[in-house]
8 protein chains.
Amino acid sequence: MEREALRALLEEVRRGDVDPEAALARLNHLPFVETANARVDTHRALRHGLPEVVLGIGKTAEQVVEIAGALRRAEQPVLVTRVEPAAAEAILVRLPGGVYEAPGRLLWFGPAEVPIVGRGSIAVVTAGTADLPVAHEAIGVARRFGNKVESVFDVGVAGIHRLLHAAETLRAARVVIAVAGMEGALPSVVGGLVDRPVIAVPTSVGYGASFGGLAALLGMLTSCASNVSVVNIDNGFGAAYVATLVNRL
Amino acid sequence: MEREALRALLEEVRRGDVDPEAALARLNHLPFVETANARVDTHRALRHGLPEVVLGIGKTAEQVVEIAGALRRAEQPVLVTRVEPAAAEAILVRLPGGVYEAPGRLLWFGPAEVPIVGRGSIAVVTAGTADLPVAHEAIGVARRFGNKVESVFDVGVAGIHRLLHAAETLRAARVVIAVAGMEGALPSVVGGLVDRPVIAVPTSVGYGASFGGLAALLGMLTSCASNVSVVNIDNGFGAAYVATLVNRL
Amino acid sequence: MEREALRALLEEVRRGDVDPEAALARLNHLPFVETANARVDTHRALRHGLPEVVLGIGKTAEQVVEIAGALRRAEQPVLVTRVEPAAAEAILVRLPGGVYEAPGRLLWFGPAEVPIVGRGSIAVVTAGTADLPVAHEAIGVARRFGNKVESVFDVGVAGIHRLLHAAETLRAARVVIAVAGMEGALPSVVGGLVDRPVIAVPTSVGYGASFGGLAALLGMLTSCASNVSVVNIDNGFGAAYVATLVNRL
Amino acid sequence: MEREALRALLEEVRRGDVDPEAALARLNHLPFVETANARVDTHRALRHGLPEVVLGIGKTAEQVVEIAGALRRAEQPVLVTRVEPAAAEAILVRLPGGVYEAPGRLLWFGPAEVPIVGRGSIAVVTAGTADLPVAHEAIGVARRFGNKVESVFDVGVAGIHRLLHAAETLRAARVVIAVAGMEGALPSVVGGLVDRPVIAVPTSVGYGASFGGLAALLGMLTSCASNVSVVNIDNGFGAAYVATLVNRL
Amino acid sequence: MEREALRALLEEVRRGDVDPEAALARLNHLPFVETANARVDTHRALRHGLPEVVLGIGKTAEQVVEIAGALRRAEQPVLVTRVEPAAAEAILVRLPGGVYEAPGRLLWFGPAEVPIVGRGSIAVVTAGTADLPVAHEAIGVARRFGNKVESVFDVGVAGIHRLLHAAETLRAARVVIAVAGMEGALPSVVGGLVDRPVIAVPTSVGYGASFGGLAALLGMLTSCASNVSVVNIDNGFGAAYVATLVNRL
Amino acid sequence: MEREALRALLEEVRRGDVDPEAALARLNHLPFVETANARVDTHRALRHGLPEVVLGIGKTAEQVVEIAGALRRAEQPVLVTRVEPAAAEAILVRLPGGVYEAPGRLLWFGPAEVPIVGRGSIAVVTAGTADLPVAHEAIGVARRFGNKVESVFDVGVAGIHRLLHAAETLRAARVVIAVAGMEGALPSVVGGLVDRPVIAVPTSVGYGASFGGLAALLGMLTSCASNVSVVNIDNGFGAAYVATLVNRL
Amino acid sequence: MEREALRALLEEVRRGDVDPEAALARLNHLPFVETANARVDTHRALRHGLPEVVLGIGKTAEQVVEIAGALRRAEQPVLVTRVEPAAAEAILVRLPGGVYEAPGRLLWFGPAEVPIVGRGSIAVVTAGTADLPVAHEAIGVARRFGNKVESVFDVGVAGIHRLLHAAETLRAARVVIAVAGMEGALPSVVGGLVDRPVIAVPTSVGYGASFGGLAALLGMLTSCASNVSVVNIDNGFGAAYVATLVNRL
Amino acid sequence: MEREALRALLEEVRRGDVDPEAALARLNHLPFVETANARVDTHRALRHGLPEVVLGIGKTAEQVVEIAGALRRAEQPVLVTRVEPAAAEAILVRLPGGVYEAPGRLLWFGPAEVPIVGRGSIAVVTAGTADLPVAHEAIGVARRFGNKVESVFDVGVAGIHRLLHAAETLRAARVVIAVAGMEGALPSVVGGLVDRPVIAVPTSVGYGASFGGLAALLGMLTSCASNVSVVNIDNGFGAAYVATLVNRL
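Residues numbered from 1 in each chain as written. Chains lettered and ligands numbered in written order. Predicted model: local features only at pLDDT ≥ 70, side-chain atom pairs only at ≥ 80, totals over all residues. Heavy atoms only, no water.

Engineer: Please explain the overall build of chain A as it appears in this structure.
Structural biologist: When helices and strands are tallied, chain A shows 11 helices and 11 strands. In chain A, which comprises 249 residues, the proportion classed as buried is 63%. Within chain A, counting contacts between residues at least 6 apart in sequence, those at least 24 apart form 67% of the total. Per element, the accessible surface of chain A, about 8600 Å² overall, is 53% carbon and sulfur. (Helix = DSSP H or I, 4+ residues; strand = E, 2+ residues; numbered from the N terminus. Buried < 20%, exposed > 50% of the residue type's maximum accessible area, 1.4 Å probe, protein only. Contact = heavy atoms within 4.5 Å. Areas by Shrake-Rupley, 256 points an atom, 1.4 Å probe, with all protein chains shown as cover.)

Engineer: Explain the sheet that holds strand E5 (residues 99-101) of chain B here, please?
Structural biologist: In a beta sheet, neighbouring strands pair by backbone hydrogen bonds and run either parallel or antiparallel. All names here are of chain B. The four strands are arranged E3-E4-E6-E5 in an open sheet whose pairing can be described as mixed. Sheet topology places strand E3 (52-55) and E5 at the edges, where each strand pairs with a single neighbour. Taken over all neighbouring pairs, the strand axes of this sheet differ in orientation by 20 degrees on average, direction set aside. (Pairing = 2+ DSSP bridges. Axes fitted to C-alpha atoms, helices over the stretch in contact; angles between N-to-C directions.)

Engineer: Explain the interface of chain D and chain C here, please?
Structural biologist: The figure often quoted for interface size is the accessible area lost as the parts come together. With 28 residues of chain D in contact, the opposing surface of chain C contributes 27 residues. Interface area for chain D against chain C, summed over the two sides, is near 2600 Å², with a carbon-plus-sulfur share of 59%. In terms of surface lost to chain C, no three residues of chain D exceed Leu221(D), Ser226(D) and Leu249(D), which account for 24% of the buried area on that side. Where chain D meets chain C, there are two residue pairs in polar contact (both at pLDDT 80 or more). (Buried area = accessible area lost by both parts, 1.4 Å probe. Polar contact = N/O pair within 3.5 Å; in protein donor to acceptor, adjacent residues only side chain to side chain.)

Engineer: Sorry, what's going on with the pairing of strand E9 (residues 175-180) of chain C here?
Structural biologist: The side chains of a regular strand alternate, first on one face of the sheet and then on the other. Residues and elements named next belong to chain C. The element E9 is extensively covered by neighbouring structure, given that six of its six residues are classed as buried. Alternating residues of E9 divide into Val-175, Ile-177 and Val-179 and Val-176, Ala-178 and Ala-180, and every residue in both groups is buried. Taken together, the five bridges between strand E7 (residues 121-126) and E9 define a ladder with parallel strand orientation. Within E9, the position partnered with Thr-126 by the bridge is Val-179. Bridge count between E9 and strand E10 (residues 198-202): five bridges; the pairing is parallel. Its bridge partner lying in E10, Ile-177 is registered against Ile-199. In this region the chain leaves E9, passes through helix H9 (residues 186-193) and returns to the parallel neighbour E10; the handedness of that crossover is right-handed. (Right-handed = clockwise from strand over helix to strand, strands pointing away.)

Engineer: I tried to follow the interface of chain B and chain A on my own but got confused; where do I start?
Structural biologist: Contacts between the two partners involve 28 residues from chain B, matched on the other side by 27 residues from chain A. For the pair chain B and chain A, the two sides together bury roughly 2600 Å², of which 60% comes from carbon and sulfur. Ranking the residues of chain B by area buried against chain A places Leu221(B), Ser226(B) and Leu249(B) at the top, with a combined share of 24%. Counting every contact that joins chain B to chain A gives zero salt bridges. Applying the counting criterion to the chain B and chain A interface returns two residue pairs in polar contact (both at pLDDT 80 or more). It is helix H11 (residues 236-248) of chain B that contributes the most residues to the side of chain B that touches chain A, six residues altogether. Classifying every residue of the side of chain B that touches chain A gives 13 nonpolar, eight polar and seven charged. (Salt bridge = Lys/Arg side-chain N within 4 Å of Asp/Glu carboxyl O. Nonpolar A, V, L, I, M, F, W, Y, C, P; charged D, E, K, R; others polar.)

Engineer: Teacher, can you tell me more about the sheet that holds strand E4 (residues 78-81) of chain E here?
Structural biologist: Residue and element names in this part refer to chain E. Read from one edge to the other, the open sheet built from four strands follows the order E3-E4-E6-E5, with strand pairing classed as mixed. Since the sheet does not close on itself, it has two edges, and those belong to strand E3 (52-55) and strand E5 (99-101), each with one partner. If you compare each strand with its neighbour and ignore which way they point, the axes differ by 20 degrees on average. The strands touched by helix H4 (residues 61-73) within the sheet are E3, E4 and strand E6 (106-109), with E4 carrying the most contacts at an inclination of about 160 degrees. This element, helix H5 (residues 85-94), spans E5 and E6 of the sheet and lies at about 20 degrees to E6.

Engineer: Please explain the relation of the copies chain B and chain A as it appears in this structure.
Structural biologist: Mapping one chain copy onto the other needs a rotation about an axis and a shift along that axis. Least-squares fitting of chain B to chain A yields an RMSD of 0.2 Å, with the superposition described by an axial translation of 0.1 Å and a rotation of 180 degrees. On the angle and the small slide along the axis, the relation comes out as a two-fold axis. Nearest to the rotation axis, the C-alpha of Val230(B) is located 2.5 Å from it, this being the minimum over chain B. Of the residues that chain B buries at the interface, 96% are likewise interface residues in chain A, meaning the two copies contact each other through the same surface. (Least-squares fit on C-alpha atoms with pLDDT ≥ 70 in both.)

Engineer: Can you walk me through the relation of the copies chain D and chain C in this structure?
Structural biologist: Superposition record for chain D on chain C: RMSD 0.1 Å, screw rotation 180 degrees, translation along axis 0.0 Å. Same-surface contact between copies: 96% of interface residues of chain D are shared with the interface of chain C.

Read these as geometric descriptors, not functional statements.
Structure follows, in structure tokens:
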């Protein structure tokens, strides 16, 4: 609740323009709308100038339709993440008008073109081919959030010349998202190449001692590069969200 | 190696101003200086406009003196982190001229006043009294890196009114560092209060199922707030480093 | 074995009304009934005034029918938890007369209306939409156990105003069940808002570093709110059981 | 912030008795007092009718004195937990008037006798001699919180007759705290013997595969007794806190 | 290689009855037979007087047929463990003459009746219905290994009277196998009731913090009963094997 | 409580020789003696024909003196395990008459010579020199429990000929205790060499990925030898206890 | 970039044969070719004299075809690992000319016969039948890399004579690959039998406390044999790669 | 036991030159010498042409003196690893004639100069100053084992130019040992730079999420460079041992 709004309300009460009981009610009128199963925050997105995002994992198609529909009715753009193709189809049948981007498993309800509002570019760099779905989630989200995105794929550190070759692209970005599975060493090397914040995304790519992304996660947290911070395993969306905020500063 | 410097060198070779053998030697003249046990990178700090930082953990006082001394002789400011009081004393005897800040365990060799170059302020918020050493490391580093820092202490989420009371301070910052041990829930709530990037620092504060900071770390990585990224347990320095880069954008 | 029953039995033996051998047999007549594969405790439920509960996980439909059937023949109500829809159908074919509640995966054999015997209400609060199945298990069990239940859904801590909005509902309850996955921070904030016991239920909702509910579990165990105790991951039933006992005090 | 207080304040503003600016200031006057390093919540304890509690772990003697002193100056009773003997001595030198209870490592500033306000008794039961420090913390806290406490020591489940011998004491309590290390099986058996809530406290007692209390913790979380909930390893204080709230219902 | 056989061989060489080269060859003639993919030890079973056992996990039906067939051709009984129904059917088509015991997932090729050679009985006791498959594996193996087996099902420690009721059966056994999932407390209580070795089998029964049997495993390893030793999670076969050796002493 | 004793008591009640109230009291007279902090089971040891054992870990010298003193006053032999030299000295000053065996950290109060009652010998075999303290605990306990013990030291599997050299000693034993740290492979090889039960004791010997004995523990639990069961890390006492029971069969 | 090539280039620039801009371009001409989703390093294989290898895990058939096709068009042999039969079929339809080896899940595009270039033989030894797929991966890769391979199957350490029987084969090899699941003890014993480097491959074979290969992995890392180094769980390919490099020395 | 020696012995028996009993005794005369607490293998070292190595961890100074003394009396060189300065002093007092190398914590009894027998050089490369003790252990062991060693210190991957600068040194080696803590990314990058086997040594350097070297260990095991194999955390000795064997091929 903003201080200024509160001050104005109190002033209205003092002047007698607003009744104490009504003021109390208004104070309780918080910025969200309830559906049967969810409380959708319709103001945060407007406040941030960002579309509302619905995490698809752990939700049925019905729940996604319910939530996204409520937002669509409020004429807000909605981005649904982690939507498998079959689920996307089921959702689009009931809630038409969306676009499904298979590589990043994103379902978008909103304008075809999003104006660029980020002040620079975001570079998304990946270690291997198998990291692509997470990278595409980050890229797709960042674009829908109004950023210019550059991508550099398949530059794992065991072939360091491929990464060095891309150094200029990375250095030109305002913030870098580094996506890697297995040992997750990419952000450490990238962090040494650029003077910008690097957001590391461990992926669950790998087998055996990668333990579902744990090896990459621990590696990124203990990175010897000081400009690296980390988000959850496979969380391309979160990386894009943080990068968007940084890119708007 | 910068592209422009390389281009210039090649031009000099072409003009005959520089001999190929000499060019080869110069190409090898990479930007670091070797001491007996370390390769100190003297250029990165200058390039970033930041003092060089030496991590005190796992180094003997002798090694710190050797490395910091080399940098001091190069007339660079040096910040040593994680220095226990006894070690600080031992280092200062051999390498005078430094200032020890006990709360953040920082040893500083450089000008008494660092000019503010960050574009906004960094807010450092902590959950409990026991998180203070890590918070003070973040605060001390951020100040030596030229940032204005605001601090909000002891606002754990189980007394949510204390945190809400501080919301305006947090919202006024360009980037927020949230420091918490135990369940590490602070960054999630802070992340919902502000529209800026939040850098979460789990601390090893706690006992039992906190497992040396693991509970807080996992909690921050799985935060339901999308604007949170995470650094290593107790890594106040890393959080300040990332926040500094963000604050300079 | 109750002390009074034993005292009475001994008195009967002393008076010669009961033969020592018969007394021995009666002492062995412990309060359970054996089926082919299980020893069903038919007295505990009567003693507690609660229906018998059968955990559906790890049991075949045959085993559930065998156990629940034995209890039904003893004219006791039975509640089966964690029953997937297909299993419910298979069970109901062989043991008709039950009601399946899909949201909480509960199968109920007993009276349609259970009288309220709890002294106050139990509030069930959840962080996100994906926590609903566990919350519905807790709600369904609590109702079948004779409690008035209030529910507050989708009030994750990253949108703290939604939770504060519900504070009065929570404060009106005699005991609160807080259900959350991911970082599991909800019980810490709820614990600070109410002066009643809070029973925390971590859920396996989340991905990556949530490690199947481990992050939420550790977070709840190390909660900075002192009025929080914890049950197993996804254990909505256990939370409802403890809450029922508390609500009957 | 209580609704009634807010309503009253708004009424005063409406009547012109209070100026909007003054109202705003009062709204910000939240119920805590700041010291140099902490925000001490002076109202919660009064609201709950409980003494304020300071966790001694991770705090210096100076910090404890600062916080406890502020509360003492507000004429509130204070209980400091996890105080080792040497620390207790150092604190009592600077802040006289307290009593140190070595078995439970508790430091108490307040009346010698605390009136009983709990409605029944709390039973504290332990598995082995080595669990006593945690049990004594629970007992000491429960007594300072105004409860009648019964204790049953050294009744590990491998000698089940010792536990059965104590069954009546356990059944007479309104709530039971079960403290155990190693395999942590005690709460499961106790849970089957009583019809009341059982709060399980795993202890770090044991070696090898007990992994600092992890074995006991996991055992208690997966207990086959449905009336068991769990607090953090060695958290005798937390168990007493929850038990106190239950005992006041 | 037995010492006596070696001594005899050397004596034969000395007498000239055996040629050194032939002796060398015989020394290499070790007691196993090679199939395409396995080296089947045909002597160990004869030596122990036990049927050969083939672990079905991780083997294709083809591999089981190949190995069991080689043993059958050597006229040895064979017991295959962990055979799912479909695999059993596939094996029996190619290698007829076996009997499949579904409850214990055992496939037996050998005489219908195995003579009792164990000196006493083995008691198999389980905590819950869901532990039955592992218990049936132990029972089936122990019987095929020539033991008299008594079983006590569904006597979890939360209903301690059910277990006490069975105490005499347990005490009558020469060795006890205690099978339990979840918190795995059964062997601790059983261990206190009997004066014989107790072999504990943790099962993967449970959910959440049971972590696939880890909670039960750790609980059994840290048991406060001294007469308990532990085998791998779900390893009913191993428990029966050790119990057989003990029962033959 | 023995059935026969109960039957006799009931008969006495029937004959009027015993009053019901007195019978009730006697039923409660369970076989243990309470000290200030412990319930010492004085009957179990007599029943088993074994000395009472007190685990020294986690107990103060005072507590050990209290417990062992109570048992000594009951004229029972007592064995205290895990006693460091300084603690032993402190205990012996207050409770003279004991003998301290430094290699196994055992403190013995009882006859100098214990008669052999085991039917065969127990072999204790260790992988490396650093496993000796645990092996000596097993050896010392087994001897005080009336067993003949053979020991084979320093036969790690990387020098398999050393182990094969000792095969006859191992085969001559009735039960084998195999003690090993690091990868804990010894019991697997020993298990293949003997036809007797092998009790495996993982030790916390090692560094790095041995994780305090976890590597050895997991290795022993997943041993490919079927005659191996496992006790807790460093639990030489438990292994000797189980081996004693087996050796008495 | 080779030093000599650089020196030559600089000389050409000096002589005016090459323009600085052209030199700069050539310096950027790094040895890889980009496809839509990957940067294929076409030079490394040639440099090493090894076929290029594509890890099949985490790649769609489309991606494998794209990458392998690019390499085939460059007339290089390609080896694809971890290809399940259905995937192999899908790939071969679009990219004919390959050979699928089911036991090792390898797909080979290249000459039917690979000349032997390794200087000695590589021995691959396995503990159990279930380890065969990983062993076959190692064998297949080693053969395609030009090595002579000897294999010894099913020689687990619980039947040590089977392994000793194969000792000569192992000693004759230049480097040994030891593949084992469960407790992973095989490399320790093999390491003691041979004087050559042993590359240990833990497999995910086993159940329960093998935790997906973790037990074997930890066992191999803490091996008491000094000549053992370890690769990732199930990484038969990596073991063969390292063995190939060693065998070419 | 070598086949040839056995063949010769059998021939002697056949000729009657050796009595069967004497032959039997000789067959038992295995190549080790027993001290009070250890079986020292005096032949292995001679066979390998390597000094015997004693691991100092977990051994008392007395035990080291006993073992090393036995070897010295057999006129063999001995290398003791992991000897802290105080222990070294204590050992040298009782067993003079050794040299202590503090950086690598090595104690050497043998010739001052060891002749070079390795065929090429071993390169030891480290990521940070804190990794030096482990690197010095590897270097010292490799030198005492007769290798030429090149070392490259402080070339962590976050300053990739420092590592590239050293690429020629690394490429000139026959085998590379890469030592790194924290995220352990060094071997991945080194593995891409050289065509030789890389032996990775994770170190316990780091804090927080490095979990005592676990992060580095997992990172190295999941390295995307195929020529990397791994030894235990901090195991500089093991890396040098394997490298020595490789360097002698």
